[in-house]
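# Report on the structure
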Amino acid sequence: MEKKVIVIGAGIAGLSAGIYARKCGFDVTILESHSIAGGNCTSWKRGGYLFENGMHWLVGSARSNPINKLWRRLAALNDSVLIHYYEPYIELGNEGETVRMYRDIDLTERHFLELSPADAKEIRRLCNWVRKLKKLNMPVNNIRGVNVTKKSKIPLSLLLSGISALRVMSKTSKITKEEFMKRITHIGIRDIIGAYLVGKTNIAPLVFNMGTLARGDGGFPEGGSLPFIKRMVEEFTKIGGEILYKHKAERIVMENGKATGVIVGEKTISADAVIVTSDTMEIEKFFDTPPKAKWLDTMKAKTKPTMVTFVCLGINADLRKYNKHYYFKTKLPLKLGDETYDYLRVYNYAADPVYSPSGKSSVTIQIPRDTYDFWKKAKEENRYVEEKKKIADAVIKAIEAQIPETRGNVEVIDVATPLTYERYCANWRGSWMTEIVPNMKMTRYPSVIKGFNGCYFAGQRMAPPGGLPIALTSARAAVQYLCRDTKTLFVCEEDERIENT
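Structural notes, computed from the coordinates. (Residues numbered from 1 in each chain as written. Predicted model: local features only at pLDDT ≥ 70, side-chain atom pairs only at ≥ 80, totals over all residues. Heavy atoms only, no water.)

Before going further, it helps to examine the overall build of the chain. Looking only at helices and strands, one finds 14 helices and 21 strands in the chain. Relative to a compact globule of 501 residues, whose C-alpha radius of gyration would be 23 Å, the chain shows 23 Å and is just as compact. By its C-alpha atoms, the chain is 70 × 55 × 45 Å across when sized along the principal axes. In the chain, buried positions account for 58% of the 501 residues. For the chain, long-range pairs separated by at least 24 residues make up 70% of all intrachain contacts whose partners lie at least 6 apart in sequence. Looking at charge distribution, the chain has the averaged site of its 75 positive side-chain charges lying 5 Å from that of its 56 negative ones. (Helix = DSSP H or I, 4+ residues; strand = E, 2+ residues; numbered from the N terminus. Rg over C-alpha atoms; globule rule 2.2 N^0.38 Å. Buried < 20%, exposed > 50% of the residue type's maximum accessible area, 1.4 Å probe, protein only. Contact = heavy atoms within 4.5 Å. Lys, Arg positive; Asp, Glu negative; His and termini not counted. Charge placed at Lys NZ, Arg CZ, Asp CG, Glu CD.)

Right, here's the structure in full:
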């Protein structure tokens, strides 16, 4: 008889855990409080436009990345999915001069040197760091003690490149954004770095992401979040999994230190194991006795939320001449609560008919940093709608000053705040990911807590900075812990336990 597993949450981590567990022979039900799957990986339609607010690039889109095999295992990717690799990756409008950051690090280096020979030393240093990260592909490992159909082997070359990459990450994590920008004399190059890195951070995320792009990864699957999630849902249900929408898990039933079910409303759904994929920062809400573990204490102490307010605009103008990722420095700083913004990052979907009607342009502008308390207070004081209009008006004014074609042509406006993500995705403080702060250790947390047998934890919070790959790999690890504890064979990516019929 198949062991019953309940997965809480139908985001990337929940769907990944569900598919892996089902393919290992478990009877799996996913409980989702929302009416659709996807969690943070989502987009929505307004007035004929599609606004993307979940996926902006995908680690593992390239065949050369081992994670690609995992995405294919989950049916999120397949040979028929078109991957877009936009080049240049970023353009920054700088008072008549365009500054570009390419996926090809040699092109970036050549472009920067042409713009500013005086900055040759720092430009070459940055690009050489990226070249060392370019060689790195994170291996897909199995946990200790799990019985697998095929053991993974890490090539020596990957180990050596990993050591080199860790040295670069350690070095760059000690260099703050402000410190590095002071080394650059060219205003445009300085601005593209300042626009890319948000808040008081170090330059490690910039170097890491440039390295990912340089190795040919980080593409954008056509259609973005919705079809990506749809393929995973179809795979899960095709192999016999069940998703119960509008079923909010309220409590995990623990008997003698072991999970035996989940309370939903007035009923209890029995289970042999529970995988929790909702935000780990708030897992105590699922238990009468809150779980305690050193790694949980560390996570709560070290996690600084990355949150974003999204201003989504449907523009009755063709903006295809502007880059997919178009940044610029505002003429006047833009304010949101106590935060001030000198740069705007415009995600331009004018060239994609999935997002933009013919001759029109769907754009999303990210307003990052921790503004949760500002929005919460505005909600409590009945100023929420008013404040959303204020920030939308300020963004439109800034864009009209930079992109003349937008003047008077904004016909759809939608604003999503951290409270939006808290309400729909049940995220802690409505946060997207975990912010990388100077000298932060890149810790990967375990999926289990002593004394809570049959409970497993997964999600993007399980390793900073989070994101889709962490959601996926943490779910895979959680199912491996489940297989280890139940003496079940974990079916690796090369094999199948259940036929897809």
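Further remarks concern the packing of helix α3 (residues 105-115) against helix α4 (residues 120-134). Each pair of packed helices gets described by two things: the angle between the helix axes and the distance between those axes. Running from amino to carboxyl end, α3 crosses α4 at an angle of 175°, the nearest separation of the two axes being 10 Å. The orientation of α3 relative to α4 falls into the category roughly antiparallel. The residues of α4 that touch α3, namely those facing I105, D106, E109, F112 and L113, are A120, I123, R124, C127, V130 and R131. Of the residues in the contact of α3 with α4, the class split is seven nonpolar, no polar and four charged. (Axes fitted to C-alpha atoms, helices over the stretch in contact; angles between N-to-C directions. Parallel < 35°, antiparallel > 145°, perpendicular 65-115°, else oblique. Nonpolar A, V, L, I, M, F, W, Y, C, P; charged D, E, K, R; others polar.)

This part covers the nonpolar core. Counting 97 residues, the largest nonpolar core has I12, W71, F228, I275 and F490 as the members making the most contacts within it. Examining the composition of this core, we find that ten residues originate from one element, helix α14 (residues 468-485), more than from any other. Once you skip the residues sitting within four places of it in the chain, W71 turns out to touch I12, L58, V59, G60, A76, L77, F228, L468, P469 and L472. Residues A350, I367, W375 and V415 belong to the second largest nonpolar core, which totals 30 residues. (Core = buried A, V, L, I, M, F, W, Y, C linked by side-chain atoms within 4.5 Å.)

This brings us to the pattern of salt bridges. Under the criterion given, the structure shown has 29 salt bridges. Put simply, E122 and R183 hold a salt bridge, and the shortest N to O gap is 3.5 Å. Taken as a pair, E122 in helix α4 and R183 in helix α6 (residues 177-183) lie far apart in primary sequence, 61 residues in all. Across the pair R383 and E381 runs a salt bridge whose closest N-O atoms are separated by 2.9 Å. (Salt bridge = Lys/Arg side-chain N within 4 Å of Asp/Glu carboxyl O.)

With that settled, the discussion passes to the sheet that holds strand β10 (residues 249-255). Pairing between sheet strands relies on hydrogen bonds along the backbone, with the strands arranged either parallel or antiparallel. Here we have three strands laid out as an open sheet, ordered β10-β11-β12, and antiparallel in their pairing. Across the chains shown, the open sheet's two edge strands, defined by having one partner strand only, are β10 and β12 (267-270). Taken pair by pair, the neighbouring strands of this sheet meet at an average axis angle of 35°, ignoring direction. Bridge count between β10 and strand β11 (residues 258-264): six bridges; the pairing is antiparallel. From the neighbouring strand, E255 faces β11, where its bridge partner is K258. (Pairing = 2+ DSSP bridges.)

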